Structure formats: structure tokens, C-alpha cells
Number of protein chains: 2
Amino acid sequence: MGSCSATARSSSGSAHVTDGASLTGGDIGESAFEQLWSAIADIGRDPTTGGYRRFAWTEADLSMREWFGGECATRGLDLVEDQTGNQWAWWGDPDGAASAGVVTGSHLDSVPDGGAFDGPLGVVSALAAIDKLKADGFQPRRPICVVNFVDEEGARFGVSCIGSRMITGALSPDRARALRDAEGVTMAEAMRAAGWQPEHLGPEPEVVARVGTFVELHIEQGRGLVDLGRAVAVGNAIWPHGRWRIEIPGEANHAGTTRLSDRRDAVIGCARAVLAARAAAETYDSLATVGKINIQPGGVNAISSSATAWLDARAADESALSATVAQIEREVATSGAVVTEESRTPQTAFDDALVSWLANLLDDAPVMSTGAGHDAGILANAGVSAAMIFVRNPTGVSHSPAEWAEPEDCQAGTAALATVLAELAGVER
Amino acid sequence: MGSCSATARSSSGSAHVTDGASLTGGDIGESAFEQLWSAIADIGRDPTTGGYRRFAWTEADLSMREWFGGECATRGLDLVEDQTGNQWAWWGDPDGAASAGVVTGSHLDSVPDGGAFDGPLGVVSALAAIDKLKADGFQPRRPICVVNFVDEEGARFGVSCIGSRMITGALSPDRARALRDAEGVTMAEAMRAAGWQPEHLGPEPEVVARVGTFVELHIEQGRGLVDLGRAVAVGNAIWPHGRWRIEIPGEANHAGTTRLSDRRDAVIGCARAVLAARAAAETYDSLATVGKINIQPGGVNAISSSATAWLDARAADESALSATVAQIEREVATSGAVVTEESRTPQTAFDDALVSWLANLLDDAPVMSTGAGHDAGILANAGVSAAMIFVRNPTGVSHSPAEWAEPEDCQAGTAALATVLAELAGVER
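Residues numbered from 1 in each chain as written. Chains lettered and ligands numbered in written order. Predicted model: local features only at pLDDT ≥ 70, side-chain atom pairs only at ≥ 80, totals over all residues. Heavy atoms only, no water.

### Some words on the pairing of strand β7 (residues 241-249) of chain B
Residue and element names in this part refer to chain B.
Here is step 1 of the chain: Where β7 lies against strand β11 (residues 306-314), nine bridges are found, and the strand directions are antiparallel. Bridge pairing in β11 links H241 to R314.
Here is step 2 of the chain: Across seven bridges, β7 lies against strand β12 (residues 338-345) in antiparallel orientation. Bridging across to β12, W244 finds its partner in E341. (Pairing = 2+ DSSP bridges. Helix = DSSP H or I, 4+ residues; strand = E, 2+ residues; numbered from the N terminus.)

Printed below as a string of C-alpha cells:
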């Protein structure tokens, strides 16, 4: 029986395959999925929290890459690594076909204390879908590929989607090489220590050109499918999003002697900024989060001389995002705070025709956008025909050990993916 | 002309001696004060911030101690160091007199980025007052002592007033030895590295017994004297105060995908706790400050799974302090937060008779309490007759490079101290 056994939560129940699964005309090999899943359950897992710490170019990441290479070899897929370290496992010759390849996959790295599904579900589902197609005797007319993008989360060096950004030219190799982790190690040093040659980093248009269509399967990072009672959805867009730095001034003083009226306490302004962000998100039906705060000097008996709060804001469209940030800016200005944009990514729209075709193919699957960035979005911005498939997450929680998908939903996602690959690679499109 | 030249702020104006200064019948030697002050102006000073970093048992602290020893030798004072490292410089034999000694002084360590006056003003004024008495040909009938208490601020190991707590038995030597600084160095290791023998730490009742009366001069850490238009005040009490840990629960999740209604964001509860503390202090005319916050996991795109805020609260009396904390507890309970008392120090009352006598002697000086802890409070709690003299602080700011006292107010404080020493040590009391 299928069991996504990587989290502490036990799971039982029938492996009844629902939704898109029936489209392939039969069950996915459950034991194959189970085997794939359990092989990586302990890699990079923190025994205390149960969360994963699979950061780029660390031992855990290299173990995941080695596991992936072994599974590809077992299936007779040709593994090619580009200069950035993305792993491409081809079924068929990517350079010898009339049409560019049908690519699926995701990433194998994690955020700090991440869940088991964010990334690996897309890779494991892809390998299991290949198994299903092979078991069915399917012969692809277009080459099929399973990709593992390197450093999608950016947990170690602070910039996400390194692998897809680099090959599409969206990230400068000089900037990437100079990024430093918390210990001061540069990405160049980390890559070299792991056996790679960072001097070869750069755009790789010939690698991108092999991707005719990219469909990334991913655990849903919210409760949209729970509310709809469906197992899978099709992703059509990534919300515009960005990161802002809010700097709140104050005046250092003694917490035990300074009258309230004489204080300029940066922590008070910081607290107001946090609540202003939440209020603005409620006003504009957007998302605004403060997850990182730095207080100076940070002593228990010290009135703070300065505080910095980082704002993550996202919205369904550009105007809602701008309005959200503008409202926060107005509010924090009353504390003398200054807001600086650190990064902003415009809305990413996936290929409309591909999205519609997928939704129709997958039993009229619901179509939804997401606030989270993905390699699929980076490829779409580079002109690749791309879309995503989301798998139901009953907790709605992601980037946490509580992240979860029921075994039958993992099966449904895999079945949907097999259907999509068979349709896309079975005919010239 | 006298000039407290240790801060970046330039100072001018006449050195007219006001207030208590006239009680000694003449000017304090300005050049002596100036010389003492300028000798330590650069020790442990951060060139960027202009603040001081004189932490216990560091090189800066040892330089201050060495300077103090040299100044005592110049004046013919007998320097005795107890086992904790407090430096006692005696004028007269502390064990050969009919009455126990008249002790003044303060401390020479600092908070991070501290001001020039908190601590050193009390030591420098004491030495300058001794100079004045000697120049006047004064012969003490009771022994007089200038003390430098070690590690008053607790900036390095987290516990304040180490020197006075240890000798009075208010701090366990085992606990003290095991305290660690931010680099993980224990106090025992730090003392040993500086040439002391931490195994000898413990109560020293014979050292405390030599202190018949203790009067500590200190810069005011607020604007009480500014508002009153006076240069010096007498301190009669230290407010009850304490430290509480507020732990706010949350649930880790993805900042880019989790709906507002699905969030349990610890940072929101933390912000409410900060504002609740301020509101409670306003309600009860007390002080409540959050100066240190810890957010987990602390990622910009992560909804926080937990937050800890440390509350420093103080009030003029026990009931106001309890009411302040209780109101904060009720408020943060709505976020599911738990409040734990880390430490609480009851009100410290100085010797009433001494306070009245000082106020009368010093030209009807105003009498005021303070929210800050001091070695004088530790000694008072150990049964020593103690009080304080505060010197006007025009900025009202302390624990900051902006801390300041005008040269003429430093002179007034020194003159007041000379008067007090002469009166206390000139007759048997």
C-alpha cells in the first residue's frame, strides 16, 4: 500500500486512486512510488524537528543527487548535468528528435526544517510516471526528461531558483559565485568543494532549447484543493511578489530609567509595521508577512536604537501588490521608518493554451494561481511553454515538517503526470 | 576649564560651580578632574559609534583597572582587591578605626556602546573629591575608601552587579563561574585568563563589614534634574523591577501561499505583546520595554513558528509593577502566549536617615528614586547604610554614546561628594 512515510504522521487507508489517476486507465505501481519515497526519507532529516535541511551543495544535497542519478540509471535514462548542476535524465535523444522534449521534475533541496514534499514529490512522481509508461509499453515520439533543478529554495545563499535562473540568463554568474552562506562560504567555494567548476557558470541556451514543454508537479502550498474537494489542480500563474526592507529609527536609552514620553523606541515602530503589513494585506486581499526582524542593540534592558523588518508581499495582480506596499509605507512613515524595495518579480503567466489543455485532460481540474516562486515560472519567463500541477495538501502547510499529502493523492498526481506525458510525447504537438 | 571631553559633543561655558559645590567652601581642582577624565577617554571606545565597550575581564576593563590602581597609588591610597576583583582604595586603615569606613565610588565597566559617564563619573568624582580634601588638609577620623566594583553592568555574562552580589552572598559562586559570554567563555575562564583565581569566589563578609556608609555618585539616567533645574539629587530608592520571557506560539508556513485566515503567525502575536507592554506602562505610570526579540525560523519568506520577546518592567512600587505585568499577561494570552518570570528584584530602599541627612547637607537637594539597579542597592539589601547622589544629565539619555553631563555639573557633583565625605569622615557617626 502506498504510504508517504517521510513524515512522523502515520497514514492508513486504501490506496484508491482518484481524480486524474483513472485517466491512465489503471493504477500506478504503488510499490515503486513507495520504494522511491522511502529511499530518501532519512536524507538530510533533522531527528529533533523531523524537518529537512537539504541545502545546495551540502552532503545531504549531494546524497539526494546521487540517489537521483542511481534511479535514472536503473530506468535507462541518460543523465546529463549542465554547468550549473541541474540534472537532466532523458528518455530518448533530446537533440535527435523533430520536436523539443517534454520535461517534468522539480527540485530536491529544501528550506530549513522543510517538509518532505516540496520538491521531491515532483521528482518522485516523475520517476513513478516513467515507470508506469514503461510498464504500459509506451514509446515516446518526443523525448521525455525528468529534471532536478539545483538550489531552488535558495535557503543557503539567499537567492531562489539558482539552477533555472542561471541557464536562462536571469542571474549573473558573477553575482551567483559571490553569494555567501551564513558561514561566509561563497557559492563558488561550495560548488568547487562539491567537485563542480563554478568558472563555467553562465547561460546555457542549448540546454533551455531542449525543453519544448515543462510541466512541474508540486505539492500545493495552501488549502485551495482541500476546499474544492479535488486531488489535483493546474497552475496558471505565479503572483507578482517582492521583498522590502523596513528600517525603523530609534534612540538607544536605558529601559529602567527613561520615561515613556522621552522614548524613541524602534521596537514600537517595528511592532506597528508588523501589524500594518497584516492590515494592508486584509484590505487588498493580498499577502504580507514579516518573518525576519533585526533589533539593535538587542539588550533586554536597552531601548532599541534601530530595528529592521523584512516584508514579503504578494498579490494576485500588480496593482493590488503596489497598493498593499503603499499602504504599509504610509503607515510606517508615522514612525519615521523608511521602506526600500530589495527585489520585485512581476506576475508570471504560464502558457494559456497549455493550461487549458491540461485542465481539460485532467478531468476538468481546477485552475489556480500561486504566490510561491518555482523553476516553472523562471522557464516561463524565458519563453518556455510551461505550467504546473498541484497535489492536494490537507494541512495547507508548507515549508514545515507538517507539510503533507495523502498517499492516494500522491498516486493521483503521479497518474495525472503519466497521462500528461503520454499525451504530450505520444503525438507531435 | 573643566571639560568632560570623552564624548564627541564639544562643550563650552564657564566652570561656575553651583549647588552643592559651594558647600565645600571653594572650587574643586578643575584641572585634576580634567586630567582624570581625559586619561580614560579612549579606553575601550569604539571609533565608529563613539560608545564604550568595557566588558568585564577584557583588555579594556583591565586597562581601566590598571589606570585606577595607578591613580590610587599617586594619592597614597592603599589598594586592596577582594577575591571577586573589586578594587578598594583606602585612605586610612579600614581595620584599625573605631568606626567602619566611609566608602564612595562606582564601576568602570560599560554596556555595549555605553556612554562615558555611567560608572566612571562616580569613580573620577571620588578621586577628585579626595584631591580636594587632601588639598584642604583634611584628616579623616574614619577611613575613607574609593571602590571600583567589578562587572556592574553584566554586559558580558548577563548578570549585573557581579562584584557586589558576590561579596554580599547574593550570587552563588558556582552559578557565577558557570555564566557564559556570547562566545561561550565562562566567567571562570575569563577571570583565570585575566590572572584571577575564580575558585576563590564567594561571600566576603569581612570586606563588606569595612563599609560603614556607602554613597555612590552616578549620572542621572533620565531627565528628572533637567526638569527641576538642579545639578544634583539624592537617590532614596530603586524601583522594584524584573525580567519576563514572553513566548508566542505560531505555525511555520510559506509566506507566499498561506491565506491570512489559515495563518498562526508568531510575529503578529509578538508585535501585539510589544504594544501591550507599552499600553500597560501607560496605564500604571510604570516602565515596560521589549528590547530583545527572537523569531523562529527567521526567514524572510517564512511565517514564524515561534517568537520570544523579553520584557523589562519596573514601577515605583510593587503593586504597580505586578499590575503592569498582569495586564500584559492578559493581553498576550489572546495570542496564546505564555509569560514566565526570569527574575524579579523587590524595591530597594536606601537608608532613610542617611538620605534625609544628605538632602539637607546638599542645599535641600531633591530626593528621587530610580528604575536602574546599582551596586549601592545590592549593598543596601545586605544591610549596609547606603544612598546615592545623581548628577544632572541634560540629554536624559544613558546606555548610549549620547549620555552627557555638563562640566559644571560634574564639578558640582564632585564638590557635593567632597562635602559628604568630609562630614561623614570628620566626625564619628
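### Thoughts on the relation of the copies chain A and chain B
Here is step 1 of the chain: Superposition record for chain A on chain B: RMSD 0.1 Å, screw rotation 179°, translation along axis 0.0 Å. Within this description, the copies of the chain are treated as partners about a two-fold rotation axis. Minimal C-alpha distance to the rotation axis in chain A is attained by A271(A), lying at 2.1 Å.
Here is step 2 of the chain: Interface residue correspondence from chain A to chain B reaches 100%, placing this contact among same-surface, isologous pairings. (Least-squares fit on C-alpha atoms with pLDDT ≥ 70 in both. Contact = heavy atoms within 4.5 Å.)

### Some words on the side chain of T370(A)
Here is step 1 of the chain: With respect to the secondary-structure elements, T370(A) resides in strand β14 (residues 367-370).
Here is step 2 of the chain: Given the relative accessible area of 8%, T370(A) is considered buried.
Here is step 3 of the chain: Excluding residues within four positions of it along the chain, T370(A) makes contact with A237(A), I238(A), W239(A), F390(A) and T257(B). (Buried < 20%, exposed > 50% of the residue type's maximum accessible area, 1.4 Å probe, protein only.)

### Details of the packing of helix α11 (residues 352-361) of chain B against helix α13 (residues 407-426) of chain B
All names here are of chain B.
Here is step 1 of the chain: Packing of α11 against α13 leaves a shortest axis separation of 11 Å and a crossing angle of 125°. Here α11 is positioned oblique relative to α13, judged by the angle of their axes. The handedness of the crossing between α11 and α13 comes out as right-handed. From α11, W357, L358 and L361 reach across to α13, where they touch T419, V420, E423 and L424.
Here is step 2 of the chain: Split by residue class, the contact of α11 with α13 holds five nonpolar, one polar and one charged. (Axes fitted to C-alpha atoms, helices over the stretch in contact; angles between N-to-C directions. Parallel < 35°, antiparallel > 145°, perpendicular 65-115°, else oblique. Left-handed = near helix turned anticlockwise from the far one by under 90°. Nonpolar A, V, L, I, M, F, W, Y, C, P; charged D, E, K, R; others polar.)

### Focus: the packing of aromatic side chains
Here is step 1 of the chain: Per the counting criterion, the structure on display carries 14 aromatic pairs over all chains.
Here is step 2 of the chain: Each ring, one from F149(A) and one from F214(A), has its centre 5.8 Å from the other, and the planes form 90°; the classification is edge-to-face. With F149(A) in strand β4 (residues 144-149) and F214(A) in strand β5 (residues 211-219), this residue pair connects regions lying 65 residues apart in the sequence. For the pair formed by F149(A) and F214(A), the shared burial category is buried.
Here is step 3 of the chain: Their ring planes at 15° and their centres at 5.9 Å tell us that F33(B) and W37(B) sit as a pair that is stacked. Of this pair, F33(B) and W37(B) both sit in helix α1 (residues 30-39), four residues apart, which is roughly one turn of that helix.
Here is step 4 of the chain: Given the relative accessible area of 3%, F33(B) is considered buried. (Phe/Tyr/Trp six-rings, centres within 6.5 Å; stacked < 30°, edge-to-face > 60°.)

### Describing the domain arrangement of chain A
All names here are of chain A.
Here is step 1 of the chain: Splitting chain A by domain gives domain 1 (20-239 + 347-425) and domain 2 (243-344).
Here is step 2 of the chain: A straight line from the C-alpha centre of domain 1 to that of domain 2 covers 35 Å.
Here is step 3 of the chain: Taken together, the six residues of domain 1 in the interface contact eight residues of domain 2.
Here is step 4 of the chain: Both sides of the domain 1 and domain 2 interface together cover about 490 Å² of buried area, and 47% of this is carbon and sulfur.
Here is step 5 of the chain: It is W239, Q347 and G371 in domain 1 that bury the most area against domain 2; as a group they hold 89% of the surface buried on that side.
Here is step 6 of the chain: In this assembly, domain 1 and domain 2 are joined by zero salt bridges.
Here is step 7 of the chain: One can count two residue pairs in polar contact (both at pLDDT 80 or more) joining domain 1 with domain 2. (Domains from an automatic or database assignment. Buried area = accessible area lost by both parts, 1.4 Å probe. Salt bridge = Lys/Arg side-chain N within 4 Å of Asp/Glu carboxyl O. Polar contact = N/O pair within 3.5 Å; in protein donor to acceptor, adjacent residues only side chain to side chain.)

### Section: the pattern of salt bridges
Pairing between side chains becomes possible if they bear opposite charge and their charged atoms approach one another.
Residue and element names in this part refer to chain A.
Here is step 1 of the chain: Applying the stated criterion across every chain, the model contains 34 salt bridges over all chains.
Here is step 2 of the chain: Put simply, R245 and E342 hold a salt bridge, and the shortest N to O gap is 3.0 Å. Of this pair, R245 sits in strand β7 (residues 241-249) while E342 sits in strand β12 (residues 338-345), placing them 97 residues apart in sequence.
Here is step 3 of the chain: Relative accessible area serves as the criterion here: at 23%, R245 is assigned to the partly exposed category.
Here is step 4 of the chain: Across the pair E318 and R344 runs a salt bridge whose closest N-O atoms are separated by 3.1 Å. In this pair, E318 sits in helix α10 (residues 318-333) while R344 sits in strand β12, placing the two residues 26 residues apart along the sequence.
Here is step 5 of the chain: Take E318: its relative accessible area is 28%, and that puts it in the partly exposed class.

### Some points on the sheet that holds strand β9 (residues 287-296) of chain A
All names here are of chain A.
Here is step 1 of the chain: Read from one edge to the other, the open sheet built from four strands follows the order β9-β11-β7-β12, with strand pairing classed as antiparallel. Of all strands in the sheet, those with a lone pairing partner are β9 and β12, marking the two edges. The average undirected angle you get between the axes of adjacent strands in this sheet is 15°.
Here is step 2 of the chain: Its contacts with the sheet place helix α9 (residues 266-284) against β7, β9 and β11 (306-314), and it is angled at close to 175° to β9.

### Here's the deal with the sheet that holds strand β9 (residues 287-296) of chain B
Residue and element names in this part refer to chain B.
Here is step 1 of the chain: The four strands are arranged β9-β11-β7-β12 in an open sheet whose pairing can be described as antiparallel. The open sheet is flanked by β9 and β12, the only strands paired with a single partner. Looking at each pair of strands side by side, their axes are set apart by 15° on average, direction ignored.
Here is step 2 of the chain: Across nine bridges, the pairing between β9 and β11 is antiparallel. From the neighbouring strand, N294 faces β11, where its bridge partner is T308.

### Section: the environment of L201(B)
Residues and elements named next belong to chain B.
Here is step 1 of the chain: Positionally, L201 belongs in the loop between α6 (187-193) and α7 (205-209).
Here is step 2 of the chain: Residues L201 and G85, 116 residues apart in the sequence, show an inter-C-alpha distance of 9.2 Å.
Here is step 3 of the chain: Among residues more than four places away in sequence, those in contact with L201 are Q83, T84, M166, P173, A176, R177 and M191.

### Digging into the pairing of strand β2 (residues 87-91) of chain A
Residues and elements named next belong to chain A.
Here is step 1 of the chain: Among the five residues that make up β2, five are buried, leaving the element largely enclosed by the rest of the structure.
Here is step 2 of the chain: Taking every second residue as pointing to the same face, both faces of β2 are buried, with Q87, A89 and W91 on one and W88 and W90 on the other.
Here is step 3 of the chain: Bridging between strand β1 (residues 78-81) and β2 involves four bridges; their strand directions are antiparallel. Residue L79 lies in a different strand from β2, and its bridge partner there is A89.

### So, the environment of H399(B)
Here is step 1 of the chain: Relative to the elements of secondary structure, H399(B) occurs in the loop between β15 (385-391) and α13.
Here is step 2 of the chain: In this structure, the C-alpha to C-alpha distance between H399(B) and E331(B), residues 68 residues apart in sequence, is 30 Å.
Here is step 3 of the chain: Discounting residues that sit within four places of it in the chain, H399(B) has contacts with A252(A), N253(A), H254(A), N301(A), V111(B), D113(B), G114(B), G115(B), D118(B), E153(B) and Q221(B).

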